[in-house]
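# Observations on the three-dimensional arrangement
Residues per chain, in single letters:
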Amino acid sequence: MNKMISASIMCADLLNLEKAIKELETAGIDYLHIDIMDGDFVPNITLGFDLINALKKVTDIPLDIHMMVKNPSTFIDRMNLDENDILCVHYESEIHIHRTLEMIKNKGCKAGLAINPATPLENVQYLTDYIDMLLVMTVSPGFAGQKLYKGAERKVADAKSKLHEWGCENILIEVDGNISLPNGEKLSRKGADIFVLGTSSLFLKDKTLTQAAEDFRAVL
Ligand code: DX5
Ligand code: ZN
């Protein structure tokens, strides 16, 4: 399976976003990772629905939306998405997460389920029919620039083997948080498919986005 890069837009130069998007298109980036936070599920506030709908008008790069909000089902119809976009919600963010995943599937886009570091993989087992992607958080969500947590590598390896055991090899594994070149290389070997790149490897002072993306692909 092809390994894919999702560029974390909260780490881009927000005052020159159009320039960054054009460069990410040239660099052949697979997804734009859009972090939506509510200051409640996570202690931070970032991007929002107006930006998502504006992006859909200017780029063909599919969106990979990471909802870090309580009760995400409230907001699902605020976004104009198509079948190539992924809308990802946290297992921990809603009591009836199965219903939320069904709502996303009915919307016609792909559904993702994110799990925090402390959430066991088994919690996903009976939801696999409703998801296209499993986002294994490799830091506690909320901020760019954190360090990979100690169980991350083991959890990605376990996610790969559990999905295989459950007959769900079609579900892609995404990793988000401190995906540097060495961490990307390790997690790729453990079975990650989509890599969210932020301050650790893509948005760097001393490299163009194109060069940084090329260097990251070389370690996968
Ligand atoms: C939050 C974000 C961050 C970040 C990733 O979910 O997606 O994890 O932008 O980039 P790093 O950790 O490299 O700054
Ligand atoms: Zn994210």
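Structural data are supplied above this passage.
What you are looking at is a predicted structure, and each value in this text was computed from that prediction instead of being measured.

## Describing the site of ligand 1
In the vicinity of ligand 1 lie 17 residues, with Ser-8, Gly-145, Asn-178, Thr-199 and Ser-200 positioned nearest. Thr-199 is positioned such that a nitrogen or oxygen atom in its side chain is 2.5 Å from an oxygen atom of ligand 1. Relative to its unbound accessible surface of 370 Å², ligand 1 loses 100% to contact with the protein. For the shell around ligand 1, the elements supplying multiple residues, two or more each, are strand S2 (31-37) and strand S3 (63-68). Per-class residue counts for the shell around ligand 1 are six nonpolar, nine polar and two charged.

## Observations regarding the packing of helix H5 (residues 181-190) against helix H6 (residues 209-219)
In contact at an axis separation of 8 Å, H5 and H6 are set at 40 degrees when each is read in the N-to-C sense. The chirality of how H5 crosses H6 is right-handed. Residues Leu-181, Gly-184 and Glu-185 of H5 touch H6, and the partners they reach there are Asp-215, Phe-216 and Val-219.

## Quick word on the coordination of the zinc ion (ligand 2)
Around the zinc ion (ligand 2), the protein contributes the donor atoms His-33 (NE2), Asp-35 (OD), His-66 (ND1) and Asp-176 (OD), which lie 2.1 to 2.3 Å from the metal centre. Considering all six donor atoms around the zinc ion (ligand 2), angles at the metal cover 65 to 168 degrees and the coordination shape is irregular. Between the donor residues of the zinc ion (ligand 2), the gaps in sequence give the motif H-x1-D-x30-H-x109-D. Linking His-33 in strand S2 with Asp-176 in strand S7 (residues 172-176), this pair joins segments that are 143 residues apart in sequence.

## Some remarks on the sheet that holds S3
Spatially, eight strands are ordered S1-S2-S3-S4-S5-S6-S7-S8 in a closed barrel, and the strand pairing comes out parallel. Across this sheet, the average inter-strand angle for adjacent strands is 25 degrees, counted without regard to direction. Two elements, strand S5 (residues 110-115) and strand S6 (residues 133-137), share four bridges in a ladder whose sense is parallel. Along S6, the bridge assignment pairs Gly-112 with Met-133.

## Brief notes about the environment of Ser-93
Considering the arrangement of structural elements, one finds Ser-93 in the loop between strand S4 (86-90) and helix H3 (97-107). Given a relative accessible area of 5%, Ser-93 falls into the buried group. As for Ser-93 and Ile-115, which are separated by 22 residues in sequence, their C-alpha atoms are 9.7 Å apart. Non-local contacts of Ser-93, meaning those with residues more than four positions away in its chain, are made with Phe-41, Val-69, Lys-70, Asn-71 and Pro-72.

## A few points about the pattern of salt bridges
The final tally for this structure, using the stated rule, is seven salt bridges. A salt bridge links Glu-25 to Lys-22, with the nearest nitrogen and oxygen atoms 3.7 Å apart. Of this pair, Glu-25 and Lys-22 both sit in helix H1 (residues 17-26), separated by three residues, roughly a single helical turn. Since its relative accessible area comes to 30%, Glu-25 is described here as partly exposed. Residue Asp-215 pairs with Lys-207 through a salt bridge whose shortest N-O separation is 2.7 Å. Put simply, Lys-56, Asp-82 and Asp-85 are held in one network by salt bridges that share partners.

## Considering the packing of helix H4 (residues 152-165) against H5
The geometry of H4 relative to H5 is characterised by a closest axis approach of 8 Å and an angle of 25 degrees between their N-to-C directions. As summarised for this structure, H4 and H5 are arranged roughly parallel, according to the angle between their axes. H4 and H5 meet at a crossing whose hand is right-handed. Facing H4, whose interface residues are Ala-152, Glu-153, Val-156, Ala-157 and Lys-160, H5 presents Lys-186, Leu-187 and Lys-190. Counted by class, the contact of H4 with H5 contains four nonpolar, no polar and four charged residues.

## Quick look at the side chain of Asp-35
With respect to the helices and strands, the residue Asp-35 is situated in strand S2. Buried charge without a salt bridge: Asp-35, with Lys-155 as the nearest opposite-charge side chain at an N-O distance of 16 Å. Leave out the neighbours within four places in its chain, and Asp-35 touches Ser-8, Met-10, Thr-46, Leu-47, His-66, Met-68 and Asp-176.

About the cut-offs
- Residues numbered from 1 in each chain as written.
- Chains lettered and ligands numbered in written order.
- Predicted model: local features only at pLDDT ≥ 70, side-chain atom pairs only at ≥ 80, totals over all residues.
- Heavy atoms only, no water.
- Near = heavy atom within 4 Å.
- Polar contact = N/O pair within 3.5 Å; in protein donor to acceptor, adjacent residues only side chain to side chain.
- Areas by Shrake-Rupley, 256 points an atom, 1.4 Å probe, with all protein chains shown as cover.
- Helix = DSSP H or I, 4+ residues; strand = E, 2+ residues; numbered from the N terminus.
- Nonpolar A, V, L, I, M, F, W, Y, C, P; charged D, E, K, R; others polar.
- Axes fitted to C-alpha atoms, helices over the stretch in contact; angles between N-to-C directions.
- Left-handed = near helix turned anticlockwise from the far one by under 90°.
- Contact = heavy atoms within 4.5 Å.
- Donors = N, O, S within 2.8 Å, 3.2 Å for Na, K, Ca; no water.
- Tetrahedral: all angles 85-135°; square planar, octahedral: opposite > 155°, others 65-115°.
- Pairing = 2+ DSSP bridges.
- Buried < 20%, exposed > 50% of the residue type's maximum accessible area, 1.4 Å probe, protein only.
- Salt bridge = Lys/Arg side-chain N within 4 Å of Asp/Glu carboxyl O.
- Parallel < 35°, antiparallel > 145°, perpendicular 65-115°, else oblique.
- Lys, Arg positive; Asp, Glu negative; His and termini not counted.

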